[in-house]
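The chain contents come next:
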Amino acid sequence: MEYVQERVTTLHALTDHRPDAPTDRAAVVVPMTEREYGTLAADRVLTALESVDPARVVVPLRAPADRVGPFADWLDGFDVDVEPLWCGGPRLTELLAERGLDGDRGKGRDVWLGLGRALEEEFVVVHDADTKTYSPAFVNRLLFPLARGHEFSKGYYARVEDGSLYGRLFRLFFRPLVRALADATERREPGVLEYLDAFRYALAGEFAATTDLVSRLRVQRGWGLEVGTLGEAFAHAGFAESAQVDLGRYEHDHRSVDGPTGLADMSRAVGEATLRAVEGAGVDVEYDALADRYREAADGLIRGYETDAAFNGLDYDRAAEREQVETYADALGEPGPDTRLPAWRDAPVTPAEVADAARADLEGARDDRSGGTDRTLPEADRPRPADPGADAAPGED
């Protein structure tokens, strides 16, 4: 237990206290894919939100047409105001294409659509639906700094499960990358690199913000969502208006390193988002030397992780960690084209237009196949194996 302050206001879970927070003035955005449909974790999250009773819950859905109706019916069975937002329906897809907003679909795009719907409230909370240890206190904790005048709040927690250290993409890629960039950059005052380094779990998917700030955010389409959001928060909130809060015990799914949705693929998106954020803040990146500097920084951190694991009696595979570093080093390079979605205040489409299209799409899907609102799913509507193409939060490692 510690109470050290970082460059951003850092709130610690020193007790089990659930602070008062303006939940009745907040929208909670919980993106879901078919992999969350009917799961115990998603059920736990939604049941907990019943006791939080926020102003609204927006659930951006990514699911095929034959599954989205039963999925939305299942969501209707919870005693909380849930607005399902089907992100892949034909009318919404056509609308976005007409306005020049077509392109890659991913978690970031889903969240962006949900954020637009959340702008009707004063505050917004975003978190994932696969958390095995979800607590209603998470929403209160994320909102608490906003009630005290901050504009942006991010959650953090230790990824220690099954006797091992997790959070590998953060520990072995993001943190050493930021350190390598900082060591190679001359600065007269703290800037974006110090800002990124101040967050104890920068790849956590849990954050809260005022809707004024949310309306200014340009959003990454995929796995770069969390880092891209931090880059935007630095530009619009800075050190003084940002905070991070301890969410305590937090467990969710893990990802393999390789494969089409593994950590190696995630590292490319996270790396691009990180480098775009620092370049956008005026940092000159020496790409020729970046991979070697990253490896050097990672090597120093691995020694610390190994000692910390031994201190706590945890398993630690130094060789496997080094192998991951080499895999991630291959992901480093100049960012490709900027495909971020525009800030909602500048978007060529309105949240109301999105809602109308998504609502019509969902009604059409339900007309094709009706479903019950009972939480007990009919055999035909029970979840299928997870869609291998569905991405998830970078923290799921």
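Before going into details, it helps to say that this report is about the structure given with it. Every value quoted in this text rests on a predicted model; they were computed, and no experiment measured them.

### Remarks on the overall build of the protein
- Looking only at helices and strands, the protein features 13 helices and 11 strands.
- Out of the 397 residues in the protein, the part that is buried amounts to 57%.
- For the protein, the proportion of contacts with a sequence separation of at least 24, taken over those separated by at least 6, is 84%.
- On the protein, roughly 16,500 Å² of surface is accessible, and the fraction owed to carbon and sulfur atoms is 45%.

### Quick look at empty space enclosed by the protein
- Overall, the coordinates contain four cavities of 30 Å³ or more when judged by the stated rule.
- One number sums up the size of the second largest cavity: a volume of about 60 Å³.
- Secondary structure elements with two or more residues in the lining of the second largest cavity: α6 (168-183) and α11 (287-311).
- In the lining of the second largest cavity, the residues fall into five nonpolar, one polar and three charged.

### Quick word on the packing of aromatic side chains
- Per the stated rule, a full pass over the model turns up 17 aromatic pairs.
- Both rings, one in F170 and one in Y201, keep their centres 5.3 Å apart while their planes meet at 70°; by these two values the pair is edge-to-face. Separated by 31 residues along the polypeptide, F170 in helix α6 and Y201 in the loop between α7 (192-198) and β10 (207-210) bring together distant segments of the chain.
- Residue class for F170 comes out buried when judged on its relative accessible area of 9%.
- Taken together, the ring pairs connect F152, Y195, F199, F207, F234 and F239 into an aromatic cluster.

### Some words on unusual backbone geometry
- Of note in this structure, D53 is not a glycine but carries a positive phi near 55°.
- Of note, D53 is situated in the loop between α1 (40-52) and β4 (56-62).
- Located in the positive-phi region is D162, a residue other than glycine, with phi close to 55°.
- Structurally, D162 is set in the loop between β8 (160-161) and β9 (164-165).

### Digging into the side chain of D361
- Along the chain, D361 falls in helix α13 (residues 351-368).
- Taking the relative accessible area as the measure of exposure, D361 reaches 2% and is therefore buried.
- Residues contacting D361, with those up to four places away along its chain left out, are W86, G89, P90, R91 and L92.

### With respect to helix α4 (residues 107-118)
- Between its first and last C-alpha, α4 extends 16 Å over 12 residues, near the 16 Å set by a 1.5 Å rise per residue.
- Burial analysis of α4 places 12 of its 12 residues in the buried class, the great majority of the element.
- Of all the residues in α4, the buried ones are K107, G108, R109, D110, V111, W112, L113, G114, L115, G116, R117 and A118.

Cut-offs used in this document
Residues numbered from 1 in each chain as written. Predicted model: local features only at pLDDT ≥ 70, side-chain atom pairs only at ≥ 80, totals over all residues. Heavy atoms only, no water. Helix = DSSP H or I, 4+ residues; strand = E, 2+ residues; numbered from the N terminus. Buried < 20%, exposed > 50% of the residue type's maximum accessible area, 1.4 Å probe, protein only. Contact = heavy atoms within 4.5 Å. Areas by Shrake-Rupley, 256 points an atom, 1.4 Å probe, with all protein chains shown as cover. 1 Å grid on protein atoms, 1.4 Å probe; cavity = no way out; pocket = protein on both sides within 12 Å on 5 of 7 lines; lining within 4 Å. Points joined across faces, edges and corners; volume = space filled by probe spheres on them. Nonpolar A, V, L, I, M, F, W, Y, C, P; charged D, E, K, R; others polar. Phe/Tyr/Trp six-rings, centres within 6.5 Å; stacked < 30°, edge-to-face > 60°. Expected span 1.5 Å × (residues − 1).

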